[in-house]
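Residues per chain are reported as follows:
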Amino acid sequence: MSHPVPPTWASVRPAERLAGTPAVRRDGHWWLVSPTGSLPASDPAFTSELDRFADDLVVADRAVAQLHAERGPAREVSR
């Protein structure tokens, strides 16, 4: 069985990070990534909280997108 390859700080795109935290999910595995190295997050309670938080962010992003779609194009405020 092959082990997942840890991400490096340089290889992590800002969009991959969980809400600006050092938590990154790659290939179904959570990692804590810093400029000095990577650490796999293996505690089930911690990773389930990361999963829950990531899912909540997706739901929030969709709700905000829906609100923007319902409002239509932004209008300039006249003075």
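Look above for the structure.
Summary of the structure given here.

### Remarks on the overall build of the protein chain
Turning to step 1, where the next piece is worked out: Assigned secondary structure in the protein chain consists of one helix and three strands.
Turning to step 2, where the next piece is worked out: Listed by position from the N terminus, the elements making up the protein chain come as β-β-β-α.
Turning to step 3, where the next piece is worked out: Here the protein chain holds 79 residues, and 16% of them are scored as buried.
Turning to step 4, where the next piece is worked out: A separation threshold of at least 6 residues defines the contact pool for the protein chain, and within that pool the share at least 24 residues apart is 40%.
Turning to step 5, where the next piece is worked out: Only carbon and sulfur atoms are counted for the fraction: they give 58% of the accessible area of the protein chain, which is about 6,500 Å².

### Some details on the environment of T21
Turning to step 1, where the next piece is worked out: Within the secondary structure layout, T21 lies in the segment before β1 (23–26).
Turning to step 2, where the next piece is worked out: Taking the C-alpha atoms as reference, T21 lies 9.0 Å from V33; in sequence the two are twelve residues apart.
Turning to step 3, where the next piece is worked out: Among the polar contacts listed, one links the side chain of T21 to the backbone oxygen of L18, at a separation of 2.6 Å.

### As for unusual backbone geometry
Turning to step 1, where the next piece is worked out: Here the phi dihedral of A19 falls at roughly 50°; this positive angle occurs in a residue that is not glycine.
Turning to step 2, where the next piece is worked out: Structurally, A19 is set in the segment before β1.

### Observations concerning the side chain of T47
Turning to step 1, where the next piece is worked out: Following the sequence through the fold, T47 ends up in helix α1 (residues 44–71).
Turning to step 2, where the next piece is worked out: In this structure the side chain of T47 is engaged in a polar contact, spanning 3.3 Å, whose partner is the backbone oxygen of P44.
Turning to step 3, where the next piece is worked out: Leaving out residues up to four positions away in the same chain, T47 has contacts with W30, A41 and S42.

Procedures and definitions
Residues numbered from 1 in each chain as written. Predicted model: local features only at pLDDT ≥ 70, side-chain atom pairs only at ≥ 80, totals over all residues. Heavy atoms only, no water. Helix = DSSP H or I, 4+ residues; strand = E, 2+ residues; numbered from the N terminus. Buried < 20%, exposed > 50% of the residue type's maximum accessible area, 1.4 Å probe, protein only. Contact = heavy atoms within 4.5 Å. Areas by Shrake-Rupley, 256 points an atom, 1.4 Å probe, with all protein chains shown as cover. Polar contact = N/O pair within 3.5 Å; in protein donor to acceptor, adjacent residues only side chain to side chain.

So, to be careful, I would describe these as geometric facts and stop short of saying anything about function.
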